[in-house]
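Structural description and commentary
Now for the letters of each chain:
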Amino acid sequence: MLTLKEIQKQLESRIFHIVGETADDMGYECYVVGGYVRDLFLERHSKDKDFVTVGSGIELAKAVAKRIGKGAHCSYFQNFGTAQVKYRADELEFVGARKESYRRDSRNPIVENGTLDDDLSRRDFTINAMAISLNAANYGELVDRFGGLDDLAAGVIRTPLDPDITFSDDPLRMFRAIRFATQLNFEIAPNTFEAIRRNAERIKILTRERIATELSKIMCSPMPSIGWKLLRDAGLLKIFLPELEAMAGVEVVNGRGHKDNFYHTMEVLDKVAAADTNCNEWLRWGALLHDIAKPQTKRYDEKAGWTFHNHNFVGAKMLPRIFRNLKLPLDERLKYVQKLVELHMRPIALVEEVTDSAIRRLIFEAGDDIDDLMILCRADITSKNPEKVRRHLENFEMVLEKMRIINEKDNLRNWQPPIDGNEIMAIFGIGQCRAVGEIKNYEKDQLLESETPNDRELALKLVLEKGASLGLTPTLRP
Ligand code: CTP
């Protein structure tokens, strides 16, 4: 963490002086504030620079844009008292200090102007409620009324006011508390956390889009499990994603228990996150949801013990509803997560019996997503028994190696059988009909079983063979 002295150096950049001088000319107090100040101390990249003024945020923004001159563009929302100046890569956000809760995405018109202290006290967390003066008289002075700097240093998320008030101002802050704890690896202060538990039901008034934004940030954190465990402990998870909550716990019958699937999932998710440093959010959703159907497919029988038959297929079918509820995208990203969930057991099954044709089939079905699938599968190998994990991983590496060799030889990633549907129709002089699909499937299946899936002669032989079995005779010799 940087010291105040060190961050004051960063405030020497021209833009802060322009804002400060403009405010001085107008007789306004002006501060850089909120998340931007927090991120300066933490040396995190922050997109927007937030300014609060004891005066009109809009008037100040207009004057700043004028002072910058060419290239600066000012837009504002009169009703909400907020304004934005865009200049080169900078996005400068201006707001007048207010008495009521501050939120960038608020749809509520401003109620009453306030002092700087009023404004800071209605922000979400002490670490987000610090301001640094930009007026010449006290340039670079930190205003920290609620011990934000101490909390930053100690790694604590705490509300500046009574947490019940802060959370009732905007219940999304309960998610934000957990999101910051996850992103920054901070603790949530006990009374703040208790208030989240107490107020959990209030998240029902939030739009799902706002929740999804926070979930996405949790997902792209280095250890997303921190967030999901907190969401569960706080009692939020069961409200917005009961299917995941249902995975927690161990059932024991005749002294035999199964894994706690929630904690297993958390382990898998963190392992995937560690392997996926650029954050493919959807691979991480795949990790989170790969076993989602385990609770409902769970059976016990004396011989087999606990089984979760077909949980991969059932899980993939559950996803559209889950995505719709969470307002996650229903496009190819959903399809991708479905594919991961559906195929997540296949590579492990190969560990037990690895044949070339099974590997070919898997590469064909996973297509370009095969590498992501393998990241998920490797992460899925968890056990309390280190020897078992070692053995599984060793076998897994063997499968990977074999996969590499076969893929190199046959180039199967975007593989299509050599004779396509159009050609099949031409060969038999038929139009689109079921037979075309049947012939193509037969060709594909047999080729994947063979040593030479790209062999056109063999493909033709298979097409003619299947055609004949369906009573078709070729009209055209290709
Ligand atoms: N804020 C708040 N309550 C909210 C949202 C925001 O009090 N529900 C305040 C906080 O002071 C926050 C600032 O508004 O620091 C800016 O909000 P925003 O840009 O949404 O968040 P950041 O804290 O900047 O963090 P991030 O960019 O990671 O979302």
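Scope of this entry: the structure provided in the associated data block. (Residues numbered from 1 in each chain as written. Predicted model: local features only at pLDDT ≥ 70, side-chain atom pairs only at ≥ 80, totals over all residues. Heavy atoms only, no water.)

Moving on: the site of the ligand. Taken together, 16 residues are adjacent to the ligand, and Arg 38, Arg 104, Asp 124, Asp 170 and Arg 179 come closest. Arg 176 places a polar side-chain atom, nitrogen or oxygen, 3.2 Å from an oxygen atom of the ligand. When the ligand is considered free in solution it has 560 Å² of accessible area, and contact with the protein chains removes 86% of it. Within the residue set of the shell around the ligand, elements represented by two or more residues are helix H3 (35-42) and helix H8 (172-184). A per-element tally of the shell around the ligand places H8 first, with 4 residues. Of the residues assigned to the shell around the ligand, the class counts are 2 nonpolar, 3 polar and 11 charged. (Near = heavy atom within 4 Å. Polar contact = N/O pair within 3.5 Å; in protein donor to acceptor, adjacent residues only side chain to side chain. Areas by Shrake-Rupley, 256 points an atom, 1.4 Å probe, with all protein chains shown as cover. Helix = DSSP H or I, 4+ residues; strand = E, 2+ residues; numbered from the N terminus. Nonpolar A, V, L, I, M, F, W, Y, C, P; charged D, E, K, R; others polar.)

Under the criterion given, the structure shown has 1 cavity of 30 Å³ or more. By volume, the largest cavity amounts to about 40 Å³. Around the largest cavity, the lining residues are Phe 80, Thr 82, Arg 98, Arg 103, Arg 104, Ser 106 and Asn 108. A per-class count over the lining of the largest cavity returns 1 nonpolar, 3 polar and 3 charged. (1 Å grid on protein atoms, 1.4 Å probe; cavity = no way out; pocket = protein on both sides within 12 Å on 5 of 7 lines; lining within 4 Å. Points joined across faces, edges and corners; volume = space filled by probe spheres on them.)

What follows is about the nonpolar core. Of all hydrophobic cores here, the largest spans 126 residues; its most connected members are Trp 228, Leu 236, Phe 240 and Trp 285. At 8 residues, the largest contribution of residues to this core is made by H8. If near-sequence neighbours (up to four positions away) are discounted, Phe 240 is found in contact with Phe 175, Ile 203, Arg 208, Leu 215, Trp 228, Leu 231 and Leu 326. Counting residues in hydrophobic clusters, the runner-up holds 11 residues, among them Val 33, Val 52, Tyr 102 and Val 143. (Core = buried A, V, L, I, M, F, W, Y, C linked by side-chain atoms within 4.5 Å. Buried < 20%, exposed > 50% of the residue type's maximum accessible area, 1.4 Å probe, protein only. Contact = heavy atoms within 4.5 Å.)

On to the state of the cysteines, then. Enumeration according to the criterion identifies 1 disulfide in this entry. Here Cys 220 connects covalently by a disulfide to Cys 279, the sulfurs 1.9 Å from one another. Where Cys 220 bonds to Cys 279 through sulfur, the torsion about that S-S bond is close to -65°, and the disulfide is left-handed. Pair noted here: Cys 220 is in the loop between helix H10 (208-219) and helix H11 (224-233) and Cys 279 is in the loop between helix H14 (261-275) and helix H15 (281-289), with a separation of 59 residues, a long-range link. (Disulfide = S-S within 2.5 Å.)

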